[in-house]
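What follows is the residue order along each chain.
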Amino acid sequence: MSFNQIVWKMAKVHYKKYIFYFLCNSFAVMFFFMFSTVYFNERVVQVKKVESIQYVLTVPGVALVVFTVFFISYAHNVFIKRRRSELGLFMTLGMSNRDISKLLLLENGVIALFSIISGILTGTIFARLFYLLLMNSVGLHGVPFHFNSKMFVYSIITFLIVFFIAVGKSLFHTLKHNVIHSLKSDKVAETIKMKSPLIGGIGLAIMIGSVLGLYYTYSNSIAGGEYLFLWAMSTFIGLYISLYQFTSFFIELAKKYKPFYYRRLLFLTNLDYKFKQLTSILMLVTVMIMVTILYSTIILSTYILTEKQAIDGNPFDIAFIQAENKNNLALEELYSIVDQKENPVQKHLVIPIYSYYQKQTYSDWSYVYNFMSVDHFNQLTSNQLKLQDHEFLYYINDDPENAASGSNYDQGLTLPTRNGEVTYTLKKTIVKKNINNLYNLYDCIIVSNSEFKLLKDHLDGFESNIHLINVANWKNTTNTVEKLDRMLKSYIKNTPPIVDVRTENATEEDLFRIASKVEDYNDNKNSNGILFFVTTF
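## Points about a nonpolar patch on the surface
Reasoning step 1: On the surface, Leu106, Val110, Leu113, Phe114, Ile117 and Leu121 cluster together into a nonpolar patch covering about 580 Å² of accessible area.
Reasoning step 2: Overall, the relative accessible area of 47% leaves Phe114 in the partly exposed class.

See the structure below:
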C-alpha cells in the first residue's frame, strides 16, 4: 500500500476531525464576510467620512480580527493535536519532513479553499437576512444592501493571513518534535510556560491604562481618534496576559497560607493547567462581552439621545439667513411653504444683523464681527437689557458647558470706521444657545440701537436678516424643510453670484443653508443608527 493510499484511508476513518476543522474555518469566513458587507457598504462608508466616525468603528473591527485570530488558531491547534500521532506514524513508516510538510500544506490548502467558498456562499445568504432584521430593529431604511469587491477581497485576505500563520506555526512545531514525542502527543500533557504573577500584574496594568486611554480618546474623538486602534489592541493584549496569569497570581497568594496550599495542591495545579489551556476561549468570550455589551451600550445611549441633541442644538425649528439678493423670499411665498394647516407657524422672528469682515494679518482668513441691536437681542432672548453708547455685550451662541472660558474682548473692542477708530467697552459676556447652527453665527456683538445704525453707516459690512421659525410639530417638517431648501437653492442659482470677502472661504450654499431640528435629527439618527448597527453586527 502506497503512502497516498495510507493517508487517504486514514482520512476517511477520521473524517470527523476534518469536518470539525472545515466547519470552524467556514464559520470564521462567513462571520467576517457578513461584517464586511456592512462595514464596506457604500452608505456606511459615506457616513464614516462625513460624520468622522471612522476611528470609532475601528473598535468593533479590531474585536472581530481578535476573534478571528483566536478562533482559527484554537480550531487549528485542536485539529493538529489530534493528528500529531498520525504524523508520527507516517514518520515511523519512512515519510520525510518534506513529505509531511507537503501533506499538511495540501490538506490545509484544500480545507482553506472549501472554507472560503462555503463561507462566502453562506455569508451571502445570511448577511442579507441578518441585514434586514437588524435594519428594521434599528429603524434605518436608507442604507441599501449590496456587494462590492472590497467585501470579498478583505474577507479572503484576512482569513488566509490568519489561517496560514496558524498552519506555519503548527508545521514548525510538528517538524521540530521527534517521532516518539509525536506518537505520544495524545498521552502527554502540554507544557505550560511563563508562570509569572509579575507578568500578570504588568498585563493588568496595560489593560487598565489602555481602557482609560480608550475612554479619554473616545470622549475627545476630535483629537486623537487615530489612537483608538492602538488603545483597543493594547486593551486586548493586556486582557490576554491577565487571564493567562490569573491562576499563577492566585496560587502565589495561596502559597502564603501553607496549610491551605498543601491540602489543595493537586486541585490548584490542575486548575492552573486547565485555566491556561482555556485562556483562548475565555479571551474570545470576554472580548465579545466587552464589545457587544459595553461598547454597543455606549453607542445605543448616543442613538437614544438623538432627539435631545437636535432640540438642544436648534432652539428654533427652522432657521436661515436672508441677504439682499439671496434667500430673499417674499413673506407670502415663505408662508405658503412653512405655514401648513395641519402644522401652522407659531412663532417667526426676523433679527437684523450687520456683518463686518476683518482680514487677519497672519492668515488668509477673515474674522467676522456680527453686530446686533440690543432691542432685537432682547426680542430673541426675552431680556430687558439696556446699553449706553460705546458699550457692548459679547454674546456666545453656544451651550455654557461647551463654550470656551474667557473672552477676547475683556480689554474692549476697537473698530476702524470711516470716521476713525471707535472703541467699545465690554459690559457683559452672555453664553446661551438661542440661534440654530448657522454659518459664522457662533458669536455676536450686541450694541445699542443708535450704535447699530452708526456702524451700518460707517463700517464696510453686509446687512442680512436671520429668520427663526417655530411650528406646531417640528417632527412633521421633513417635507417642508426639503421644499424650502429646494426653493432657496433655486434662488441662489438664479441670482448673481456673490464675489466678495464672504465667499473667499465659503460657498453660497454654506452661507445661506437651512438649519432645522428635523434635518439635524434625521442626520444624527442616521449616522448614530449606522454606528450602532455596525457595532451590533
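## Here's the deal with the pattern of salt bridges
Reasoning step 1: Tallied over the full model, the rule gives 9 salt bridges.
Reasoning step 2: Note that Glu307 is salt-bridged to Lys475, the shortest N-O span being 3.0 Å. Placement of the pair is Glu307 in helix α14 (residues 306-313) and Lys475 in the loop between β8 (462-471) and α18 (478-494), with a sequence separation of 168 residues.
Reasoning step 3: Overall, the relative accessible area of 30% leaves Glu307 in the partly exposed class.
Reasoning step 4: Take Lys475: its relative accessible area is 39%, and that puts it in the partly exposed class.
Reasoning step 5: For Asp460, the salt bridge is made with Arg418, and the minimal N-O distance between the two is 2.5 Å. Within this pair, whereas Asp460 is found in the loop between α17 (449-458) and β8, its partner Arg418 is found in the loop between β5 (413-417) and β6 (420-431), the two being separated by 42 residues in sequence. Each member of the pair, Asp460 as well as Arg418, is classed as exposed.

## Focus on the sheet that holds strand β3 (residues 366-373)
Reasoning step 1: One open sheet accounts for 9 strands, arranged β5-β6-β4-β7-β3-β2-β8-β1-β9; its pairing is mixed. The sheet terminates laterally at β5 and β9 (515-516), the two strands that pair on one side only.
Reasoning step 2: Bridge count for strand β2 (residues 345-359) against β8 is 10 bridges, and the pairing is antiparallel. The residue of β8 that forms the bridge with Leu349 is Leu468.

## Considerations on the nonpolar core
Reasoning step 1: Counting 37 residues, the largest nonpolar core has Val66, Phe159, Phe163, Phe236, Met283 and Val287 as its most contacted members.
Reasoning step 2: Ranked by residue count, the leading element in this core is helix α4 (residues 58-92), at 10 residues.
Reasoning step 3: In terms of nonpolar packing, the next biggest core, distinct from the first, is built from 28 residues, Ala323, Leu387, Leu393 and Phe512 among them.

## Details of the environment of Leu239
Reasoning step 1: Note that Leu239 resides in helix α9 (residues 228-244).
Reasoning step 2: According to the relative accessible area criterion, Leu239 is buried, its value standing at 7%.
Reasoning step 3: Distance from Leu239 to Ile206, taken between C-alpha atoms, is 8.2 Å for residues 33 residues apart in sequence.
Reasoning step 4: Those residues in contact with Leu239, other than ones at most four positions away along the chain, are Met207, Met283, Thr286, Val287 and Met290.

## Examining the packing of aromatic side chains
Reasoning step 1: This structure, assessed with the given rule, holds 15 aromatic pairs.
Reasoning step 2: Note on Tyr357 and Phe462: the rings are 5.8 Å apart at their centroids and 80° apart in plane angle, and the pair reads as edge-to-face. With Tyr357 in strand β2 and Phe462 in strand β8, the pair connects residues that are 105 residues apart, well separated along the chain.
Reasoning step 3: Judged by relative accessible area, which is 14%, Tyr357 ranks as buried.
Reasoning step 4: Through pairs of rings, three or more aromatic residues link up here, namely Tyr21, Phe159, Phe163 and Phe164.
Reasoning step 5: A cation sits over an aromatic face here: Lys475 above Tyr521, 6.0 Å from the ring centre.

## Section: the packing of helix α15 (residues 331-338) against α18
Reasoning step 1: At a closest axis distance of 9 Å, the pairing of α15 and α18 adopts a crossing angle of 150°. Classified by the angle between their axes, α15 and α18 sit roughly antiparallel to one another. Counted together, Glu333, Leu334, Ile337 and Val338 of α15 and Thr480, Lys483, Leu484, Met487 and Tyr491 of α18 form the full contact between these two elements.
Reasoning step 2: Here the contact of α15 with α18 is built from residues that sort into 6 nonpolar, 1 polar and 2 charged.

## Re the side chain of His348
Reasoning step 1: Secondary-structure assignment places His348 in strand β2.
Reasoning step 2: What makes His348 buried here is its relative accessible area of 19%.
Reasoning step 3: At 3.1 Å, the side chain of His348 and the side chain of Tyr335 are in polar contact.
Reasoning step 4: A polar side-chain atom of His348 sits 3.0 Å from a polar atom in the side chain of His467.

## Describing the packing of helix α10 (residues 246-254) against helix α12 (residues 265-277)
Reasoning step 1: One way to put it is that α10 packs onto α12 with a least axis distance of 9 Å and a crossing angle of 165°. Classified by the angle between their axes, α10 and α12 sit roughly antiparallel to one another. Remark: the crossing between α10 and α12 carries left-handed chirality. On the side of α10, the interface is formed by Phe246, Thr247, Ser248, Phe250, Ile251 and Ala254, while α12 contributes Leu268, Leu271, Asp272, Phe275 and Lys276.
Reasoning step 2: Classifying every residue of the contact of α10 with α12 by side-chain character gives 7 nonpolar, 2 polar and 2 charged.

Criteria and thresholds
- Residues numbered from 1 in each chain as written.
- Predicted model: local features only at pLDDT ≥ 70, side-chain atom pairs only at ≥ 80, totals over all residues.
- Heavy atoms only, no water.
- Patch = residues over 30% accessible without salt bridge, like charges linked within 9 Å, V, L, I, M, F, W, Y side chains within 5 Å.
- Areas by Shrake-Rupley, 256 points an atom, 1.4 Å probe, with all protein chains shown as cover.
- Salt bridge = Lys/Arg side-chain N within 4 Å of Asp/Glu carboxyl O.
- Buried < 20%, exposed > 50% of the residue type's maximum accessible area, 1.4 Å probe, protein only.
- Helix = DSSP H or I, 4+ residues; strand = E, 2+ residues; numbered from the N terminus.
- Pairing = 2+ DSSP bridges.
- Core = buried A, V, L, I, M, F, W, Y, C linked by side-chain atoms within 4.5 Å.
- Contact = heavy atoms within 4.5 Å.
- Phe/Tyr/Trp six-rings, centres within 6.5 Å; stacked < 30°, edge-to-face > 60°.
- Lys NZ or Arg CZ within 6 Å of the ring centre and 35° of its normal.
- Axes fitted to C-alpha atoms, helices over the stretch in contact; angles between N-to-C directions.
- Parallel < 35°, antiparallel > 145°, perpendicular 65-115°, else oblique.
- Nonpolar A, V, L, I, M, F, W, Y, C, P; charged D, E, K, R; others polar.
- Polar contact = N/O pair within 3.5 Å; in protein donor to acceptor, adjacent residues only side chain to side chain.
- Left-handed = near helix turned anticlockwise from the far one by under 90°.

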